[in-house]
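The residues making up each chain are set out below.
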Amino acid sequence: MSLGFFAGEDPEVYGMDEERPDDEYFMRLALREAERAREHGDVPIGALVVRDDGEVIAAAHNERELRQDPTAHAEVLALREAAQALGSWRVLEAALYVTLEPCAMCAGAIVLARVSRIVYGASDPKAGAAGSVLDVLGEPRLNHRPEVAGGLLGEECGDLLSEFFASRRGGMI
Ligand SMILES: [Zn+2]
């Protein structure tokens, strides 16, 4: 069964040659965060903000249903938490890890926060704004362009989503 989530198929485009040793570790933490969204019936997407020195300054998961807030995506919540931790809206010298390719809103927030590096898991051909539908993160006319890597643990990240939607179709909701 395919719901349209899949691992990045063209690693070079998404910069996986830039993968760093700790990336997988942090993506696994983001996955663990994503699993927590299921506890309140939210689509399991998790995000983490990690400073360049390795300190995790924010971890969040999708809370759209929980808050009944269309903007309560994991990335936006994580960026808010990171900005609060730093005492600045500029989330500099940090990377954001997210289990699903960011949407247009989250990609916009990432650009606004001046995050230097984004690593995502599964691609989202229906809403992704890191190249799948739009390429907000790679738009040369914007004043900030983060380094982007995609497809890391993409299969696991996508499976978590597929299982969630399959269980909902199974009559839970
Ligand atoms: Zn989003």
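Residue numbers here run from 1 along each chain, matching the order of that chain's written sequence. Local features are withheld for residues below a pLDDT of 70 in this predicted model, meaning they are given only at 70 or higher, and side-chain atom pairs are given and counted only at 80 or more; totals for whole chains, interfaces and linings count all residues. Heavy atoms throughout the structure, all of them, feed into the side-chain values; hydrogens and water do not.

Caption draft 1: Broad picture of the coordination of the zinc ion. Here the term donor refers to an N, O or S atom within 2.8 Å of the metal (or 3.2 Å for Na, K and Ca), and because water is left out of the atoms, sites may appear incomplete. Protein coordination at the zinc ion: the donors are His-73 (ND1), Cys-103 (SG) and Cys-106 (SG), at 2.0 to 2.4 Å from the metal. Here the donor residues for the zinc ion map to a single chain with the spacing H-x29-C-x2-C. With a gap of 33 residues between them, His-73 in the loop between helix 3 (64–67) and helix 4 (74–86) and Cys-106 in helix 5 (residues 104–112) connect regions that are remote in the sequence. Cys-106 carries the same exposure label as His-73, and that label is buried. The numbering of helices and of strands both runs from the N terminus, where a helix is a DSSP run of H or I of at least 4 residues and a strand a run of E of at least 2. Using a 1.4 Å probe on the protein chains alone, a residue whose accessible area is under 20% of its type maximum counts as buried, one over 50% counts as exposed, and one in between counts as partly exposed.

Caption draft 2: Looking closely at the pattern of salt bridges. Put simply, a salt bridge is a Lys or Arg side-chain nitrogen that is within 4 Å of an Asp or Glu carboxyl oxygen. A complete count under the given rule lists 7 salt bridges for this structure. The shortest N-O distance in the salt bridge between Arg-117 and Asp-23 comes to 2.8 Å. With Arg-117 in strand 5 (residues 117–123) and Asp-23 in helix 2 (residues 23–37), this residue pair connects regions lying 94 residues apart in the sequence. Residue classification places Arg-117 among the buried residues on the basis of a relative accessible area of 4%. Looking at Asp-23, the relative accessible area reads 2%, which means it is buried. The closest approach of N and O atoms between Glu-24 and Arg-28, which form a salt bridge, is 3.2 Å. On the criterion of helical spacing, the pair formed by Glu-24 and Arg-28 is a turn pair, its members being 4 residues apart in helix 2. Through salt bridges with shared partners, a single ionic network connects Asp-23, Arg-117 and Glu-147.

Caption draft 3: View of the layout of surface pockets. Note on definitions: the grid is 1 Å and covers protein atoms alone; a cavity is a set of points where a 1.4 Å probe fits but cannot get out; a pocket is an open set with protein on both sides within 12 Å along at least five of seven lines; lining residues have an atom within 4 Å of a point. Grid points are joined across faces, edges and corners, and a volume is the space filled by probe spheres set on the points. In this model, the largest pocket occupies a volume close to 260 Å³. Together, 16 residues line the largest pocket, and Ile-45, Arg-64, His-73, Leu-100 and Asp-124 are the ones closest to its centre. For this scheme, ten residues count as nonpolar: Ala, Val, Leu, Ile, Met, Phe, Trp, Tyr, Cys and Pro. Four count as charged, namely Asp, Glu, Lys and Arg, and the remainder, Gly too, count as polar. Broken down by class, the residue content of the lining of the largest pocket amounts to 10 nonpolar, 2 polar and 4 charged. Volume-wise, the second largest pocket comes out at about 200 Å³. Lining of the second largest pocket is provided by 16 residues; of these, Arg-20, Arg-51, Asp-52, Tyr-97 and Arg-117 occupy positions nearest its centre. Every element with two or more residues in the lining of the second largest pocket is listed here: helix 2, strand 2 (46–51) and strand 4 (94–100). Element by element, the count of residues in the lining of the second largest pocket is highest for strand 4, at 3 residues. Counted by class, the lining of the second largest pocket contains 6 nonpolar, 2 polar and 8 charged residues.

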